[in-house]
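# Analysis of the macromolecular model
The lines below spell out each chain.
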Amino acid sequence: MTETGARNDEDGERCLVKEIREVGFCMTDVSVNKLVKSFEQDKNILDALSFEVLHGEHIGILGKNGAGKTTLFRLLTGELLPDEGGVYVRGGCRVGLLSQLPEYAEEVTVEDVLRHAQRRIFELEARIQELSEKLAQGQDALEEYGEASAEFERLGGYGAEAERNRVANGLDIPAKMREQLFSELSGGERTRVNLARLILEDTDILLLDEPTNHLDLHATEWLEEYLKRFSGTALIVSHDRYFLDVTARRIIELEDGKAFFYSGNYSFYVAEKARRYDEQLKKYEKEQAERERLKQASERLRLWAFLGNDAMFKRAKSMERRREKLGTDRPKKEREMKVKFAERAFSGDEVLVVDGLSKSFGTRRLFSGLELIIEGGERVALLGDNGAGKSTFLSIVMGLEEPDEGLVRMGPSVRAAYLPQIIHFEHPERSVLDTILYEENCSVQQARDRLGSFKFSGEDVFKPVSALSGGERSRLRLCILMRRETNFLLLDEPTNHLDIMSREWLESALDDYEEALLFVSHDRYFIEKFATRLWVLSGGVLWDFRGTYAEYREYCARQEELHVKAPAREKPGKKGERVKKTSPRDAEKRLARLEREIGTLEARLAEIDRLREEFSSDYVKLLELDEEEARLSGELDGLYEAWGEG
C-alpha cells in the first residue's frame, strides 16, 4: 500500500498510519505523542508535536535552524527528557544517533572502534569455539552450538572482516587512518568513523544528523547506495537536497513546534509546499473578500434596523457572527533575501591562465604540470575527493600560497573575489555592525539596511563575530563580498554551512551573475545548476570535462559499462561547435606534458609492484594497491591514447 496524498495536520497523519497498520503493512517503530520541549520560558521549541514512523520508512526531517530537529533526535535517544507528552520506540529496536560521539579511552584506535561495532560477532565466535571444545570432549552442548552458529551466520559473521573493509573504504577511512588513535582524529574524521560504526552495528533505527557534512562526493554516493538497501528505519536531517531526493521517501517539516507532512522526497516537498501555499493564499483572499462583503451588508442592515425593523437587526448580528468565524490568518512565507553580486565589466579573452602548475607537501604530490585556461563568463566546478588539493589550488590562484613550479596569471582587467571554506575575520571581537562599518565606507543606517537584507536584524547586529555560527559567518562574508565589483568569483564550498533556504538565496544571486565563476563544492544541486565545465582532480592529475555534472555522470556510467576506470577527459567539440586550432608550439608543449605524466604514472605503477611484495600478508593494503593500480592503469591508457593522437 502506498501513501496517496499529502496531509498537513496531525489528524491526517494519524489517519494515514492507522490505514496502513490496519491492512497489516508493517509496525510502528517510532511514535511521538503531543511532545512539548522548551529551553526558554514561554517559548516551546516543540509544541504538542505528534507523528508516527513505520518500520522501514526513510524520512527527511526539515526545518530552519532552531526549529528543533537536533532536539527531537536527542529526545528520541533519551539524552533529553520531554516537558510534556511522550516518545515511544518499539521494544527491542536499537537506535543509533550519528551526532552522538561515544567516549573512548586514549589508547583506542580507529580499528578498535570499528571492531567494537562488531563485538557481538566476535563474542559469538569465541563462544562457538568454546562449545566446539566441549563437544570434542563429549559434553552435551549441541543445541547451544546450533543456536550460536545460526545467530553468527545471521549477523554475517563469516564476512565480518570483508564488511568492515567495505564500509571503511566506502566512507574514505583508509588503512593508515584505521591505525591512528581515535582521539587524534579531526571532527570530520570522527564523524566518518562514527557513521561507519553505526552501519557496522546493524542499527534498527538510524538518526542521521547532517551525515554528508564531512563526506566527499564518492563517500556521499556510497552512503546513498547503502541507505537505498537499508531495510531498517532512517530519520535524516540534511541540507543536501540531492541526498534527500535519493534517500527520503517522506518529508516531515518542523515549523513553529508542529509537524507538517509530505508523502514524497525533497523535490515533491518543494512542489507540494508551493501548491499548499497558493491554495491557502487563495482561501485567505476569498475569505477576506467575503468578510468585507459581510461587513458592508451588516452595516446596511443595522442602518435599516434603526428604522424599527428588528428582523434586520437579527440578520445583521448573524452576519457579524459569520464574519468573525472567517478568521483565517494570512499564510506565512519566509522573507526572501533579495541581493545581487556587484559586477565589473570584463574585457579580454582570458580570465585565468595556469601553466605547468605543481604543488606537493613533503613526499605527497597534490598535482603537477597543470595547464588550464578560463575565459570570460565560464562557470567551472573543481571536483575531487577530500585531500585531493582543491582548496590548495584556489589558494594558489588567489596568491595566498606559493606553487612549487609553474605560474598562475589573471587577465589585466580581472578583479577577483574569494570566499574560503573556513572563514576568518581579522577582528572577531567586533560586532557584526562594526565589522561592516570598518570594512565598507557607509553610514550606520546603510550598514543596518544591508545587514537586514542578509537576515541580520534587531539585536543580531550587535553580536560579536566570534559568536556567529558557520552559516552566519558565510552570510556576513558574502554581505561584504557582494558589494565589491568583481568579474571573477572563486568560491570554496560556499553552501557548506548554509541551510536550504540560504543555499537557494545564494543560487538566486548567482543566477543573475554573468561573469566567470570557479568553485569547489560537494553540493550536487549547486554543481548541476551552475557548472558548464568540470575540472576533476584525482591522483595528482586534473581532467577537463566540458559539460554539466549530469553529462559527466552519464560519461562515467558509460565508462563503467565498458569496464574502463578512467576519469573523464575533455570531450571533443560538439556538432556545430568551432574547435580552436592548436599551434605547433602548443602541440609540442602538450606532448611534453603528456610524456611527463606518462612517466610519472609508469613510475608509480612500478612502485606498486614493489609494494605488493612488501605487503604480501596485509590484506587491506593489498586491496588498496589493487584499486590504485586499476585506477592508474585506466589513466595511463587515456594518456597513451591522447599522446597517440598528437
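What this report covers is the structure whose coordinates are included nearby. Note that the coordinates shown come from a computational prediction; the quantities given were computed from them, not determined experimentally. (Residues numbered from 1 in each chain as written. Predicted model: local features only at pLDDT ≥ 70, side-chain atom pairs only at ≥ 80, totals over all residues. Heavy atoms only, no water.)

### Here we look at the overall build of the chain
This is how the line gets drawn: Under the DSSP-based scheme used, a helix requires at least four consecutive residues in state H or I and a strand at least two consecutive residues in state E, with every element numbered from the N terminus. The buried label goes to any residue with under 20% of its type's maximum accessible area, the exposed label to any with over 50%, and the partly exposed label to all in between, with areas taken from a 1.4 Å probe on protein chains only. Residues are treated as being in contact if the distance between any of their heavy atoms lies within 4.5 Å. Each accessible area value is a Shrake-Rupley result obtained with a 1.4 Å probe; residue values ignore everything except the protein chains displayed when judging cover.
From N to C terminus, the chain includes 21 helices and 18 strands. Among the 646 residues that make up the chain, the fraction classed as buried is 45%. Across the chain, the fraction of contacts at a sequence separation of at least 24, relative to all contacts at a separation of at least 6, is 70%. When the accessible surface of the chain is totalled, it reaches about 33900 Å², and 48% of it is carbon and sulfur.

### Section: the pairing of strand β8 (residues 250-255)
Just so we agree on the cut-off: A pair of strands is labelled paired if DSSP reports no fewer than 2 bridges between them.
Here β8 lies mainly inside the structure; five of its six residues are buried. In the sheet, strand β3 (residues 58-62) pairs with β8 via four bridges, with the strands oriented parallel. Directly across from Ile59, in β8, lies its bridge partner Arg250. As judged from the five bridges shared by β8 and strand β9 (residues 258-262), these two strands associate in the antiparallel manner. If you follow Ile251 over to β9, its bridge partner there is Tyr262. Connecting β8 to the next strand, β9, in antiparallel fashion are two residues, including Asp256 with a positive phi near 55 degrees.

### A word on the packing of helix α6 (residues 160-170) against helix α9 (residues 217-229)
Here is the rule we go by: Throughout, an axis means a line fitted to C-alpha atoms (over the contacting stretch in the case of helices), and angles, computed between N-to-C directions, take values from 0 to 180 degrees. An angle below 35 degrees is read as roughly parallel, one above 145 as roughly antiparallel, one from 65 to 115 as roughly perpendicular, and any other as oblique. Each residue gets one of three labels, nonpolar for Ala, Val, Leu, Ile, Met, Phe, Trp, Tyr, Cys and Pro, charged for Asp, Glu, Lys and Arg, and polar for the others, Gly among them.
Where α6 meets α9, the axes come as close as 8 Å, and the angle between the chain directions of the two elements is 130 degrees. Between α6 and α9, the angle falls in the class oblique. Residues Arg166, Val167, Asn169 and Gly170 of α6 form the contact with α9, whose own contacting residues are His218, Ala219, Trp222 and Arg229. Taken together, the residues that form the contact of α6 with α9 break down as three nonpolar, three polar and two charged.

### A word on the pattern of salt bridges
So the rule is basically this: A pairing counts as a salt bridge when a side-chain nitrogen of Lys or Arg comes within 4 Å of a carboxyl oxygen of Asp or Glu.
Under the criterion given, the structure shown has 35 salt bridges. A salt bridge links Arg166 to Glu163; the shortest N-O distance between them is 2.8 Å. You can see Arg166 and its partner Glu163 sitting in helix α6, three residues apart, about one turn around the helix. Owing to a relative accessible area of 32%, Arg166 belongs among the partly exposed residues under this scheme. Owing to a relative accessible area of 28%, Glu163 belongs among the partly exposed residues under this scheme. When the shortest N-O distance is used, the salt bridge between Arg293 and Glu290 registers 2.9 Å. On the criterion of helical spacing, the pair formed by Arg293 and Glu290 is a turn pair, its members being three residues apart in helix α11 (residues 266-305). Classification of Glu290 by relative accessible area gives partly exposed; the value is 26%. The structure contains a network of salt bridges with shared partners spanning Arg241, Arg503, Glu507 and Asp523.

### Observations concerning the sheet that holds strand β11 (residues 364-375)
An order of β11-β10-β13 is seen for the three strands of this open sheet, with the pairing classed as antiparallel. One side of each edge strand has no neighbouring strand; the edge strands of this open sheet are β11 and β13 (405-410). Each adjacent strand pair in this sheet contributes to an overall mean axis angle of 15 degrees, direction not counted. Of the pairings in the sheet, the one linking strand β10 (residues 350-361) to β11 comprises eight bridges and is antiparallel in character.

### Describing the nonpolar core
Stated formally: Among the buried residues, those of types Ala, Val, Leu, Ile, Met, Phe, Trp, Tyr and Cys that are joined through side-chain atoms within 4.5 Å form a nonpolar core.
Grouped together as the largest cluster of nonpolar side chains are 46 residues, with contacts concentrated most on Phe341, Leu451, Leu476, Leu510, Phe519, Ile527 and Leu534. Ranked by residues supplied to this core, first place goes to helix α16 (residues 470-481) with five residues. Once residues within four sequence positions are removed from consideration, Leu451 is found in contact with Val432, Leu433, Ile436, Phe456, Val461, Leu476 and Cys479. Counting 39 residues, the second largest nonpolar core, distinct from the first, contains Met177, Leu195, Ile236 and Phe243.

### With respect to helix α15 (residues 444-453)
The α-helix winds at 3.6 residues per turn, so residues separated by three or four positions along the chain end up facing the same way. Those residues of α15 lying buried are Ala447, Arg450, Leu451, Gly452 and Ser453. Contacts made by the buried residues of α15 are with α14 (432-439) and α16. Lys455, located one to two residues past α15, shows a positive phi value of around 65 degrees.

### Examining the packing of helix α4 (residues 119-136) against helix α5 (residues 142-154)
How two helices pack is summed up by the angle between their axes together with the distance between the axes. Selection criterion: The hand of a helix crossing depends on one turn: near helix anticlockwise from the far one by less than a right angle means left-handed, and clockwise means right-handed.
Where α4 meets α5, the axes come as close as 9 Å, and the angle between the chain directions of the two elements is 150 degrees. Here α4 is positioned roughly antiparallel relative to α5, judged by the angle of their axes. In terms of crossing hand, the pair formed by α4 and α5 is left-handed. Only Leu142, Glu144, Tyr145, Ala148, Ser149, Glu151 and Phe152 of α5 make contact with α4, whose side of the interface consists of Arg120, Ile121, Leu124, Glu125, Arg127, Ile128, Leu131, Ser132 and Leu135.

### As for the environment of Glu151
Within the secondary structure layout, Glu151 lies in helix α5. Glu151 sits 30 residues away from Ile121 along the chain, and the two C-alpha atoms are 8.7 Å apart. Dropping the residues within four chain positions of it, Glu151 is found in contact with Arg120 and Leu124.

### Quick word on the side chain of Arg178
Assignment of secondary structure puts Arg178 in helix α7 (residues 175-178). By relative accessible area, which is 5% here, Arg178 ends up buried.

### Quick word on the environment of Ala509
Along the chain, Ala509 turns up in helix α17 (residues 500-511). Note on Ala509: relative accessible area 1%, which makes it buried. For the pair Ala509 and Met482, spaced 27 residues apart in sequence, the C-alpha separation works out to 9.3 Å.

### Describing a negative patch on the surface
Rules: Candidate patch residues must exceed 30% relative accessible area and have no salt bridge, after which like charges are joined if within 9 Å and Val, Leu, Ile, Met, Phe, Trp or Tyr side chains if within 5 Å. Only four residue types enter the charge count: Lys and Arg as positive, Asp and Glu as negative, with His and the chain ends excluded. Lys charges are placed at NZ, Arg charges at CZ, Asp charges at CG and Glu charges at CD.
Together, Glu106, Glu107, Asp112 and Glu184 make up a negatively charged patch on the protein surface. According to the relative accessible area criterion, Glu184 is exposed, its value standing at 53%.

### With respect to the sheet that holds β3
The strands that make up a sheet pair up through hydrogen bonds in the backbone, lying either parallel or antiparallel. A sheet is described by the order of its strands in space; here six strands give the open sequence β5-β6-β7-β3-β8-β9, paired in mixed fashion. Edge positions in the sheet fall to β5 (95-97) and β9, since each has one partner strand and no second. Ignoring which end each strand starts from, the neighbouring axes of this sheet average 20 degrees apart.

### As for the side chain of His522
Stated precisely, the cut-off is as follows: Under this definition, polar contacts are N or O atom pairs within 3.5 Å; protein pairs additionally need one hydrogen-donor-capable and one acceptor-capable atom, and for neighbouring residues in sequence, both atoms have to be side-chain atoms.
Mapped onto the fold, His522 is located in the loop between β16 (516-520) and α18 (524-530). According to the relative accessible area criterion, His522 is buried, its value standing at 16%. Separated by 3.5 Å, the side chain of His522 and the backbone oxygen of Leu215 make a polar contact. Among residues more than four places away in sequence, those in contact with His522 are Leu215, Asp216, Leu217, Gly384, Asn386, Lys390, Glu493 and Ile527.

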